[in-house]
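Structural description and commentary
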Amino acid sequence: MEKVKNVVICGAGMMGNMIALAFSSCPDFNITVWNRREKPCKEVIKANLEQLRDKGILDDAEIEERLSRIAFVFPDKGKEFAEADLIIECVAEVMETKQDLFAELEGITREDCIFATNTSVMSPTEIASKCVHKERVVGTHFWNPGHLIPLVEVVKTADTTEEVMQLTMDALTRAGKKPIYCKKDVPGFVANRMQHALWREAISIVEQGIADPETVDDAVKYSFGLRLPQLAPIENSDMVGTQLTWNIHSYVLKYLADNHEPSPILKKMLDEGKMGFSSGEGFMKWTPEAIDKSKKDLNEYLIKMVYGK
Ligand SMILES: NC(=O)c1ccc[n+]([C@@H]2O[C@H](COP(=O)([O-])OP(=O)(O)OC[C@H]3O[C@@H](n4cnc5c(N)ncnc54)[C@H](O)[C@@H]3O)[C@@H](O)[C@H]2O)c1
């Protein structure tokens, strides 16, 4: 295969639909969305395209053109699978489901078809374990919302060939994504390892009574959070100098959270039914209006960051 052209998205939930939307941004791709039962996927994708239109990013003709390149298939796996160059699975986060799906797909696809898994946390190596051709399996970890967050972590297993890595990176680049090459299949890949190191410290600061939850979030939003999209940790370390980084780490690292289990205050909140947005209280209290505002503000912020609108 020279280039990926025919893309099949397997599992049309929150991630699958938005990944299909992302691929539709490039006319190179014929896209198929498959689900085990019929769902209003086209309507969901259209509504999200219309949100971009309302921001002046797309017009109606572009929406129609993009939708015309997406086929919706329920539940049979037919010729779209036989002709697929790249299949991205977005089914439930259950190891056996993903393993069995890939093993089944080997019987109905070309030998050079790439199998990508959108697992958030599971090992792509383990997901490939029931495949004969493990070299075709790769991790492609999209972030939610899949049509707005550019990053996709492309994860190489011990078996993934360099050709599969490059074809996948190229397809994602053409789909307008920012693929990054993860050389090893490790839990949390690259970005979630850093994200959860920060969450662990944030929760530890609350747990120790150093600051209340709102203050912890403010400390991020009004300081390094503002400059992170422009100045990330490694460049920042070089900017301040490796000597200063070494001095700071020599002094402070021993005081930072290094727990290998979730914080006891998370367990306490779970026992008390404080589930976050879904129950109206987590670390903070949430009214339905505040929840709607949080979600709306995030979407608008991301559209502004990605499209400048
Ligand atoms: N939601 C996120 O923020 C996020 C982010 C990155 C990655 N992921 C990963 O993407 C994948 C999909 O997540 P989602 O949030 O879109 O889930 P979802 O529940 O919204 O959608 C899952 C889809 O898979 C289908 N499905 C479920 N079990 C199946 C089975 N046994 N066989 C065939 N189809 C089945 C469902 O019908 C549904 O359409 C998961 O692996 C998840 O961990 C999720």
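Check the entry above for the structure.
Computed from a prediction, not measured in an experiment: that's the story for all the values here. (Residues numbered from 1 in each chain as written. Predicted model: local features only at pLDDT ≥ 70, side-chain atom pairs only at ≥ 80, totals over all residues.)

Overview of the packing of helix α2 (residues 41-54) against helix α3 (residues 60-68)
Two quantities define a packed helix pair, namely the angle between the axes and the distance from one axis to the other. Following both chains from N to C, one finds α2 and α3 inclined at 150°, their axes separated by 10 Å at the closest point. Between α2 and α3, the angle falls in the class roughly antiparallel. The element α2 and its partner α3 pack so that their crossing is right-handed. Of the residues in α3, those touching α2 at Lys42, Ile45, Lys46, Leu49, Glu50 and Arg53 are Asp60, Ile63, Arg66 and Leu67. The class makeup of the residues in the contact of α2 with α3 is four nonpolar, no polar and six charged. (Axes fitted to C-alpha atoms, helices over the stretch in contact; angles between N-to-C directions. Helix = DSSP H or I, 4+ residues; strand = E, 2+ residues; numbered from the N terminus. Parallel < 35°, antiparallel > 145°, perpendicular 65-115°, else oblique. Left-handed = near helix turned anticlockwise from the far one by under 90°. Contact = placed C-beta atoms within 7 Å. Nonpolar A, V, L, I, M, F, W, Y, C, P; charged D, E, K, R; others polar.)

Re the environment of Arg174
Positionally, Arg174 belongs in helix α7 (residues 162-174). According to the C-beta neighbour criterion, Arg174 is partly exposed, with 17 such atoms within 10 Å. Expressed as a C-alpha distance, the spacing of Arg174 and Asp28, which sit 146 residues apart in the sequence, is 8.1 Å. Other than its neighbours up to four places away in sequence, Arg174 contacts Cys26 and Asp28. (Buried ≥ 20, exposed ≤ 12 C-beta atoms within 10 Å, placed from the backbone.)

Details of unusual backbone geometry
For the peptide bond that leads from Phe74 to Pro75, omega is -20°, which places it in the cis range. Turning to its location among the elements, Pro75 is positioned in the loop between β3 (70-73) and α4 (79-82). Omega for the bond connecting Asn144 with Pro145 falls within 30 degrees of zero, at -5°, which places this linkage in the cis form. One can find Pro145 in the loop between β6 (137-142) and β7 (151-155).

Side note on the site of the ligand
Lining the immediate environment of the ligand, one finds 18 residues, of which Gly11, Gly13, Met15, Glu93 and Asn144 sit closest. Residues of the shell around the ligand, tallied by class, amount to seven nonpolar, nine polar and two charged. (Near = placed C-beta within 6 Å.)

Thoughts on the environment of Thr119
With respect to the helices and strands, Thr119 occurs in the loop between β5 (114-117) and α6 (124-127). With 27 residues separating them in the primary sequence, Thr119 and Ala92 have C-alpha atoms 8.7 Å apart. The residues contacting Thr119, other than those within four sequence positions of it, are Glu93, Lys98, Pro124, Ile127 and Gly139.

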